[in-house]
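A look at the structure
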Amino acid sequence: METFSSDADEDPDRRPMSLCCGHVLCGECVRLLTAAGRPLHCPFCRLPGDPTRISACWPLTDLQELLQEHEGPTAPGSPLPPGGVEGQDGAGELGRRTALDQGTLQLVRAFGGWGTLVNPTGLALFRSGALAVVHDGKARVVVFGPRGRRLHSFGQRRAAAGAAGTGLTHPLGVAVLPGGQVAVTDAGDGALKVFTSRGGPVAEARDWLRVPWGVAVSADGGVLVADEQQGALVQLRVDITSGQIRGHTVLLEGLQNPRAVACCPCTGHIAVVEHLQGNPHTHTPQHTSNTRLKLYSDDLTLLTQFDSLSLGLRTGSPAPPLCLTAVTFDQAGNLVAADSRAAVVWSLGRPWEDRRLTLTPLVRDGLIRPVGLAVRGDSLVVLDSGDHSVKMYSSQLHPDT
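The following refers to the structure shown. (Residues numbered from 1 in each chain as written. Predicted model: local features only at pLDDT ≥ 70, side-chain atom pairs only at ≥ 80, totals over all residues. Heavy atoms only, no water.)

Side note on the nonpolar core
Counting residues in hydrophobic clusters, the biggest one holds 22 residues, and the most contacted among them are Leu293, Leu311, Val327, Leu335 and Leu348. Of all the secondary-structure elements, those providing two or more residues to this core are strand 19 (258-263), strand 20 (270-275), strand 21 (291-296), strand 23 (324-329), strand 24 (335-339) and strand 25 (344-349). Ala175, Ala183, Ala205 and Val215 belong to the second-largest nonpolar core, a separate cluster that totals 16 residues. (Core = buried A, V, L, I, M, F, W, Y, C linked by side-chain atoms within 4.5 Å. Buried < 20%, exposed > 50% of the residue type's maximum accessible area, 1.4 Å probe, protein only. Helix = DSSP H or I, 4+ residues; strand = E, 2+ residues; numbered from the N terminus.)

See below:
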């Protein structure tokens, strides 16, 4: 699920290496296979190999460089740079990107279920389309393929905080870093823990966090963490090469029980969901009666905010106020939020542009208690803790569904 590196100096562990049989692995996997003098067998075809004959796979490296040069920074499906796109209208690059509310979303795939997932709390997408989900199972992180096949899991359960090892106590949020590493907020340990996609430890931050909850990747590659107990949004810098956290910055203070956080790759805008009457000692969103969504620009200027009561009035329903549990952005930069109380996923449009808030239901049926969101093209991925599953919706029914 990780991208090969074409630059050996930048990331030698991700450089493609060719075995004697012709199959290709990254440098890190080759090192693990040949550790402690073990005999080398290809993990794909099981043929024995000579470790001294492993060489760099230059054709794949050259092909990757050509593709990157051809696609450029604004190719379809890749994040736009945060600068220079804010003022573009519908005819610009931003306007051509897919908006989820252009059509009715339909369920195309569901997977997981009780046992495979136990009380899941967060999900994140790899560039390949694979998904990482954190839950309350024996192995706290489960990785699924793009079609829902369970690939592997890691982050073994730890009974108490402070115990030795690289396990997880109470994971709540997960994000995938640009290099394919998996960042997990562990509220039980008061830490942010970073792993490789296979579960190897990379880095860990404890000193600056109390009850870390939501986690997201900022537009410049930093790691945003919403700390509920501190009422703050913290940005951490992870040095993948050295396996160290290169300092931290408190971006926002004075928040009320912030939990969900998301960053728009198009504009750099940051959305934070506060639980105004949440219980900091109970890590379950149903213990709150009102939520508030705040939207900040890339320079942390507050653009707009609205609480769940005012949002509920726009639905025209006498039902209780919305309870926002997850937030994300679609490719056009529209706000998308999950309401666990009404079991609906809403599109909130782009209220910072014309000061008008539109509330469009994207998914009304088939959900019980949505707690996680991710967007890939015209598809919306929803994590539903009500039936412990992942559900994928799309505005187009694809032939393979």
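Next comes the rest of the description.
Quick word on the layout of surface pockets
Taken as a whole, the second largest pocket holds about 810 Å³ of empty space. Considering every element that reaches the lining of the second largest pocket, the biggest residue donor is helix 1 (residues 27-33), with five residues. Per-class residue counts for the lining of the second largest pocket are 15 nonpolar, eight polar and seven charged. (1 Å grid on protein atoms, 1.4 Å probe; cavity = no way out; pocket = protein on both sides within 12 Å on 5 of 7 lines; lining within 4 Å. Points joined across faces, edges and corners; volume = space filled by probe spheres on them. Nonpolar A, V, L, I, M, F, W, Y, C, P; charged D, E, K, R; others polar.)

With respect to the sheet that holds strand 2 (residues 24-26)
Ordered in space as 2-1-5, the three strands form an open sheet in which the pairing is antiparallel. One side of each edge strand has no neighbouring strand; the edge strands of this open sheet are strand 2 and strand 5 (55-56). The pairing of strand 1 (residues 16-18) with strand 5 spans two bridges and is classified as antiparallel. From the neighbouring strand, Ser18 faces strand 5, where its bridge partner is Ser55. (Pairing = 2+ DSSP bridges.)

Details of empty space enclosed by the protein
Scanning the model with the defined rule gives one cavity of 30 Å³ or more in all. Its boundaries defined by the atoms lining it, the largest cavity holds a volume of some 40 Å³. Every residue along the wall of the largest cavity is listed here: Leu19, Cys20, Cys21, Leu40, His41, Cys42, Leu47, Pro48 and Gly49. Elements with a contribution of two residues or more to the lining of the largest cavity: strand 3 (40-41) and strand 4 (48-49). Tallied by class, the residues present in the lining of the largest cavity amount to seven nonpolar, two polar and no charged.

Some thoughts on the pairing of strand 25
Extensive coverage of strand 25 is indicated by the burial of six of its six residues. Side chains Val344, Trp346 and Leu348 project from strand 25 onto one buried face, and the interleaved Val345, Ser347 and Gly349 project onto a second face that is buried too. Two strands pair when backbone bridges link them, and strand 24 and strand 25 are joined in this way by five bridges, in the antiparallel orientation. The partner of Leu335 across the bridge, within strand 25, is Gly349. As consecutive antiparallel partners, strand 24 and strand 25 are separated by four residues, and within that stretch Ala343 has a phi angle of approximately 55 degrees, a positive value.

Let's talk about the sheet that holds strand 13 (residues 191-195)
The strand order across the open sheet built from four strands is 11-12-13-14, with neighbouring strands paired in antiparallel fashion. Where the open sheet ends on each side, the last strands, each with one partner, are strand 11 (171-176) and strand 14 (201-205). Here the average twist between neighbouring strands, direction ignored, is 20 degrees. Across five bridges, the pairing between strand 12 (residues 182-186) and strand 13 is antiparallel. (Axes fitted to C-alpha atoms, helices over the stretch in contact; angles between N-to-C directions.)

Details of the side chain of Asp186
Within the fold, Asp186 resides in strand 12. Owing to a relative accessible area of 0%, Asp186 belongs among the buried residues under this scheme. Non-local contacts of Asp186, meaning those with residues more than four positions away in its chain, are made with Gly167, Leu168, Thr169, His170, Pro171, Ala191, Lys193 and Pro212. (Contact = heavy atoms within 4.5 Å.)

Geometric descriptors of this kind do not, in isolation, establish any biological role.
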